[in-house]
Amino acid sequence: MSELRLTVNGGDHVVDVPVGTSLAAVLRDELGLTGTKIACNEGHCGACTVQVDGVPRLSCITLAHTVEGEVTTIEGLRDHPLVESFVRHDAVQCGFCTPGQIVSAAALVAANPEPSRDEIRHHMAGNICRCGTYTKIEEAIAAWRG
Amino acid sequence: MARLIRTEKEVEGRFEEVWLVVEEDPLEQWPAGPRSVVGRPATRKDGLERARGEARFTADHRPPGMLHAAILRSPHAHARATRIDLAPALALPGVRAALGPGEAAGLDAEAGYAGAPVAAVAADTFAQARRALAAIEVEWEVLEAVLDPEDAVARGQLVGEERRYERGDFERALAEADVVVEGTYRTQTVLHNSMETHQAVCEWIGDRLDVHISTQYVWGVRRGVADALGIPQDKVRVVCEYMGGGFGSKNDAGEYTLVAAELARRTGRPVRCALTRREENTAAGNRNATIQRLTVGARADGTIVALGGEFVNAVGWDGWSSSTEGPMKMLYACDDVRTVTWGAKVNTPPMKAFRAPGFVEGTFGLECLIDELAARLDVDPLELRRRNYAHENDGVPFSSKNLEACYRLAEKHWERRHEVRARSDATWKHGVGMASQIWYGGGGPPSYAWTRVGSDGRAVVVTAMQDIGTGTKTAMAQIAAEELGLPLDRVEVALGDTARGPYATLSAGSSTTPSVGPAVRAAAADAKRQIVEIAAQRYDLEERVLDIRDGMVVSRDGNLSVPVEDVVGLLGSAQILGKGARGPNPAGMSVLTFGVQVAEVAVDVETGEVRVLRVAAIHDVGRIVNPLGAASQVEGGIVQGVGHTLSEERLLDPETGRVLTTSLDAYRMPTIADVPEIVSEFVDRPDEHLTNLGSKGLGEPPIIPVAAAIANAIRDATGADVHELPISREEMLRALEAARRKAGRGAPAAV
């Protein structure tokens with residue numbers, strides 16, 4: 001076990017977990033932040049996406065002890081206009097990938113508030129949605145400010 | 001009155017004779033078109049909690065003291081474990097229990113495929129459980145494995161019986177045909193890959209078992225678990241409030257649930273058993289591969305006179321042989337049809353239903369064959385389909401069929417083909433193709449719902465169905481709101497708990513809305529009748545002059561207009577309870593869904609790259625309850641269909657039978673960058689013979705015609721006949737080369 005300090009959604013946390021524990025496991029199992037989902041656990045699908053200092057990171061393949069910077073999860077973005085936009089555009093089907101989609105999209109619109117359709121597709125290509133909600137996700141991001 | 005009947009029930013294209021108790025359905029259908037709530041776009045009742053990450057999926061359910069299970073799986077495609085020693089695993093830190101073959105249903109000493117479950121352990125952490133698996137000592141006797149489905153058929157190694165069907169005289173009709181087109185079509189094995197893997201958390205409370213599970217059928221799990229454990233069904237409570245996708249693969253309990261239940265019993269602790277993504281892609285089901293040898297005979301004017309098919313379903317070690325021949329039997333008018341279908345039992349992972357099982361595969365073969373016939377006859381493919389329009393299903397009338405209306409709506413998309421083709425240059429060839437769709441989707445009894453109306457004038461629909469991401473929860477709320485005369489934001493739906501709601505059908509087979517929807521409407525009508533009765537007594541008016549509109553109890557003359565809460569509020573904390581049941585399907589009628597899709601593609605004839613640029617989908621599924629959710633279903637089906645057509649393929653090591661594509665970089669599903677422009681339209685006419693709602697299901701129809709529409713667009717663009725899925729670059733280049741060789745032999749040059 002090895003102590004670890006993390007800043008998550010503006011709050012400071014100290015946890016004691018084995019070296020080698022993923023950031024996703026710490027968020028879900030230690031901090032109870034289950035909005036971050038694990039769907040493949042090997043960095044291929046994007047469901048576990050969080051931000052570290054505003055940059056999207058795959059938390060399932062990020063070692064928790066290597067994280068430097070402020071972590072933002074879906075719980076820290078619940079009031080982001082993208083959430084409302086996803087619901088309004090029906091960009092949620094089963095919803096298992098949705099938190100990761102919104103965390104990715106929030107990083108995009110923070111850096112580029114008016115992304116083109118091509119920029120949206122390029123940025124979001126790492127977030128798999130098996131329900132195939134993509135058309136609506138693209139619309140929701142394009143119209144994220146309402 | 002409840003009636004006991006013996007009837008044929010269809011689920012996922014499979015029919016069985018069952019006893020059913022059905023209740024009458026006396027409500028008149030609402031008129032066609034948008035109503036106050038039904039027929040108008042509604043955002044999801046549970047959209048916000050899913051988007052905000054507040055929805056607790058099975059993956060998020062962690063009762064205190066929970067242990068983690070892991071399953072030991074066979075490394076051999078066919079083998080018998082002659083000795084298993086669990087002791088080394090039990091000696092490891094954190095390990096609390098272990099099970100060998102026979103100690104839980106699903107764990108077997110004989111493994112019929114690489115990945116078959118053999119043993120299991122439970123430990124404090126998942127990592128400890130995985131380490132313990134590696135310590136289990138197994139001696140294997142390796143047995144002969146049959147991996148080739150045609151080899152299995154030749155040996156008579158089948159799942160179920162050989163299935164033969166004939167109407168008329170196929171041979172005679174074929175001999176009299178002016179033109180005969182034959183083709184062999186192959187479809188690949190594809191994987192469901194729901195984002196939430198198969199998983200369950202089991203916990204015993206006294207002699208009662210609580211099962212939290214990611215499932216499409218809480219009642220099926222309840223029965224499966226009770227039967228496996230030999231306990232009464234009411235001792236098993238199954239809960240699934242939010243669910244991360246299923247697509248047909250989560251209709252039963254599965255070995256992971258039975259393993260968790262047994263380990264929980266032995267340890268006295270809650271036990272989670274969750275498949276990893278790699279297990280998911282090995283052992284959680286698949287859409288099985290098919291081989292289809294098809295023949296069509298036609299007169300010179302395009303009238304189809306004979307249809308024949310031999311179908312091999314590569315079922316795997318277990319599962320069932322789906323109706324790959326179904327479209328050939330049902331889609332076109334043809335008096336002389338003969339099909340034979342074999343389900344090959346091979347030493348590969350078992351199939352499970354996957355979004356219109358059989359019909360997705362069979363429609364690819366049939367609708368490509370029909371287009372090849374159109375090319376041979378030089379008849380417009382849309383015109384050819386109209387010429388062979390079926391007005392009945394094997395002698396049985398349709399409850400409703402609006403495929404011609406679909407074709408009419410498709411004309412404007414079909415007419416784009418001249419303009420689309422003109423965009424071709426030396427490298428990129430553009431083309432347009434179409435394919436029709438036929439499938440079940442009528443649902444049926446039984447399903448039940450309750451509607452509770454409280455003193456605050458709000459309603460809760462209680463029914464133990466599940467919403468697997470299709471938006472059925474929202475559709476049920478709309479139906480109840482419409483019937484009750486309440487705004488949609490005053491109606492909630494409580495679902496997904498066998499202990500806290502009446503039986504409702506599974507979320508599969510495009511059956512949820514057409515099965516549960518009418519029960520919900522009946523329950524709402526029952527509650528509304530009671531509210532009107534109370535209002536009539538309270539205000540001294542006749543019931544027949546009262547109605548509820550927009551949350552107000554109103555009299556026909558306009559003199560009374562009081563909020564519903566003023567009436568129900570008389571009850572204090574008590575509530576009105578309405579009950580409703582799904583009535584019978586129309587006797588002597590065939591209830592089916594229809595549609596047509598028009599795809600536009602571009603093909604790079606140098607590299608074989610195929611891009612799908614646009615798909616227009618027009619479907620006929622009766623009344624549309626929620627146009628917004630319906631469009632999402634169509635888009636999702638098309639996106640999955642594009643994946644099935646171009647990039648997805650489960651690959652096996654031909655020597656060992658092991659799955660090679662276990663990760664999501666090896667198994668390639670569509671991303672947002674692969675999505676074409678999608679246009680969805682609906683005929684939106686209630687089926688006047690079907691229930692108080694007139695709605696059919698929409699989960700499956702949109703995926704059915706996608707592959708054939710794309711393949712036919714490729715032929716339009718390049719002249720190449722694609723006969724195999726997926727249409728990889730290799731397959732595309734092979735088809736282009738075959739077309740060139742054919743052209744060289746004097747056939748019309750198209751490339």
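This text follows the structure it describes.
Residues numbered from 1 in each chain as written. Chains lettered and ligands numbered in written order. Predicted model: local features only at pLDDT ≥ 70, side-chain atom pairs only at ≥ 80, totals over all residues.

A.B. asks: Give me the lowdown on the overall build of chain B, citing residues and values where you can.
C.D. replies: When helices and strands are tallied, chain B shows 19 helices and 28 strands. Since a compact globule built from 751 residues should have a radius of gyration of about 27 Å, the 27 Å found for chain B is in line with a globular shape. Dimensions along the principal axes, computed over C-alpha positions, put chain B at roughly 90 × 75 × 45 Å. When contacts within chain B are restricted to residue pairs at least 6 apart in sequence, those whose partners lie at least 24 apart make up 79%. (Helix = DSSP H or I, 4+ residues; strand = E, 2+ residues; numbered from the N terminus. Rg over C-alpha atoms; globule rule 2.2 N^0.38 Å. Contact = placed C-beta atoms within 7 Å.)

A.B. asks: I'd love a proper account of the environment of H89(A), names of residues and values included.
C.D. replies: All names here are of chain A. Here H89 lies in the loop between helix 2 (81-88) and helix 3 (98-111). Given 23 C-beta atoms within 10 Å, H89 falls into the buried group. Spatially, the C-alpha atom of H89 lies 31 Å from that of A25, the residues being 64 residues apart in sequence. Ignoring sequence-local partners within four residues, the contact set of H89 consists of K136, E139 and A140. (Buried ≥ 20, exposed ≤ 12 C-beta atoms within 10 Å, placed from the backbone.)

A.B. asks: Describe the pairing of strand 4 (residues 79-85) of chain B, and please don't skip the residues or the numbers.
C.D. replies: Residues and elements named next belong to chain B. Alignment of strand 4 against strand 6 (residues 110-111), held across two bridges, turns out to be antiparallel. Along strand 6, the bridge assignment pairs R80 with E110. Of the strand pairs in this sheet, strand 4 and strand 8 (residues 137-142) are connected by six bridges, and their pairing is antiparallel. Following the sheet pairing, A79 is matched in strand 8 by V142. (Pairing = 2+ DSSP bridges.)

A.B. asks: I'd like a description of the interface of chain A and chain B, backed by residues and values.
C.D. replies: With 40 residues of chain A at the interface, the matching set in chain B holds 41 residues. For the side of chain A that touches chain B, the secondary structure elements donating two or more residues are helix 2, helix 3, helix 4 (117-124) and helix 5 (134-142) of chain A. Here the side of chain A that touches chain B gets five residues from one element, more than from any other, and that element is helix 5 of chain A. For the side of chain A that touches chain B, a count of residues per class yields 20 nonpolar, ten polar and ten charged. (Nonpolar A, V, L, I, M, F, W, Y, C, P; charged D, E, K, R; others polar.)

A.B. asks: Go over the sheet that holds strand 11 (residues 199-205) of chain B, please, and point to the residues and values.
C.D. replies: All names here are of chain B. The strand order across the open sheet built from seven strands is 5-7-3-14-11-12-13, with neighbouring strands paired in mixed fashion. If you trace the sheet from one side to the other, it starts and ends with strand 5 (95-99) and strand 13 (236-239), each paired once. Across the sheet, the mean angle separating the axes of adjacent strands is 20° when strand polarity is ignored. Both strand 11 and strand 12 (residues 208-213) contribute to a ladder of six bridges, which runs antiparallel. Counterpart to V201 in the pairing with strand 12 is H212. Contacts between helix 3 (residues 126-135) and the sheet are confined to strand 3 (67-73), strand 5 and strand 7 (117-123), with strand 3 contributing the most and set at about 30° to the helix. Here helix 6 (residues 218-229) sits on the sheet and contacts strand 12 and strand 13; the angle it forms with strand 13, its principal contact strand, is near 145°. (Axes fitted to C-alpha atoms, helices over the stretch in contact; angles between N-to-C directions.)

A.B. asks: Describe the sheet that holds strand 8 of chain B, and please don't skip the residues or the numbers.
C.D. replies: The three strands are arranged 6-4-8 (chain B) in an open sheet whose pairing can be described as antiparallel. Looking along the sheet, the strands with just one partner apiece sit at the ends: strand 6 and strand 8 of chain B.

A.B. asks: How would you explain the nonpolar core if you had to name every residue and give the values?
C.D. replies: Residues and elements named next belong to chain B. Counting 256 residues, the largest nonpolar core has A69, A120, V121, V259 and A260 as its most contacted members. Per-element tally for this core: the top contributor is helix 15 (residues 512-539), with ten residues. Non-local contacts of V121, meaning those with residues more than four positions away in its chain, are made with A69, A70, A89, V95, A97, A98, A129, A132 and L133. Counting residues in each nonpolar core, the second largest holds 14 residues, with V153, V315, W342 and M351 among its members. (Core = buried A, V, L, I, M, F, W, Y, C linked by C-beta atoms within 7 Å.)

A.B. asks: Provide a residue-level description of unusual backbone geometry, including the pertinent values.
C.D. replies: Residue and element names in this part refer to chain B. Between P445 and P446 the backbone carries a cis peptide bond, its omega angle lying at 0°. Within the fold, P446 resides in the loop between strand 18 (428-439) and strand 19 (448-453). P726 follows L725 through a cis peptide bond whose omega is -5°. Turning to its location among the elements, P726 is positioned in the loop between helix 18 (706-718) and helix 19 (729-744). The backbone phi angle of S510 is positive, close to 50°, even though this residue is not glycine. Structurally, S510 can be placed in the loop between strand 21 (491-494) and helix 15. The phi torsion at D684 lies on the positive side, around 55°, for a residue other than glycine. With respect to the secondary-structure elements, D684 resides in the loop between strand 28 (677-682) and helix 18.

A.B. asks: Give me the lowdown on the pairing of strand 3 of chain B, citing residues and values where you can.
C.D. replies: Residue and element names in this part refer to chain B. Most of strand 3 sits inside the fold, with six of its seven residues counted as buried. Pairing between strand 3 and strand 14 (residues 271-274): three bridges, direction parallel. In the sheet register, H68 faces strand 14, and the bridge partner there is R272. Note that strand 3 and strand 7 share six bridges and pair antiparallel.

A.B. asks: Talk me through helix 14 (residues 472-484) of chain B; I want residue IDs and the actual numbers.
C.D. replies: Between its first and last C-alpha atoms helix 14 of chain B spans 18 Å; for 13 residues at 1.5 Å apiece the expected length is 18 Å, and the two agree. Immediately downstream of helix 14 of chain B, the backbone of G485(B) shows phi near 75°, a positive value. (Expected span 1.5 Å × (residues − 1).)

A.B. asks: Give me the lowdown on helix 12 (residues 403-414) of chain B, citing residues and values where you can.
C.D. replies: Residues and elements named next belong to chain B. Those residues of helix 12 that sit buried are L403, C406, Y407, A410 and H413. Around the axis of helix 12, the buried residues are gathered within 95° of arc, so they sit on the same side. Seen from the buried face of helix 12, the exposed residues on the opposite side, beyond 90 degrees, are E411 and K412. Each element contacted by the buried residues of helix 12 is listed here: helix 11 (381-387), strand 18, strand 26 (593-604) and strand 27 (610-620). (Arc of directions from axis to C-beta.)

A.B. asks: Any chance you could break down the packing of helix 4 of chain A against helix 5 of chain A for me, citing the residues and the numbers?
C.D. replies: Residues and elements named next belong to chain A. Direction vectors running N to C along helix 4 and helix 5 enclose 120°, while the axes themselves pass 10 Å from each other. Between helix 4 and helix 5, the angle is such that the two are oblique. In this structure, helix 4 meets helix 5 at a crossing whose hand is right-handed. Along its contact with helix 4, which presents R117, I120, R121 and M124, the element helix 5 presents I137, E138, I141 and A142. A class-by-class count of the residues in the contact of helix 4 with helix 5 yields five nonpolar, no polar and three charged. (Parallel < 35°, antiparallel > 145°, perpendicular 65-115°, else oblique. Left-handed = near helix turned anticlockwise from the far one by under 90°.)

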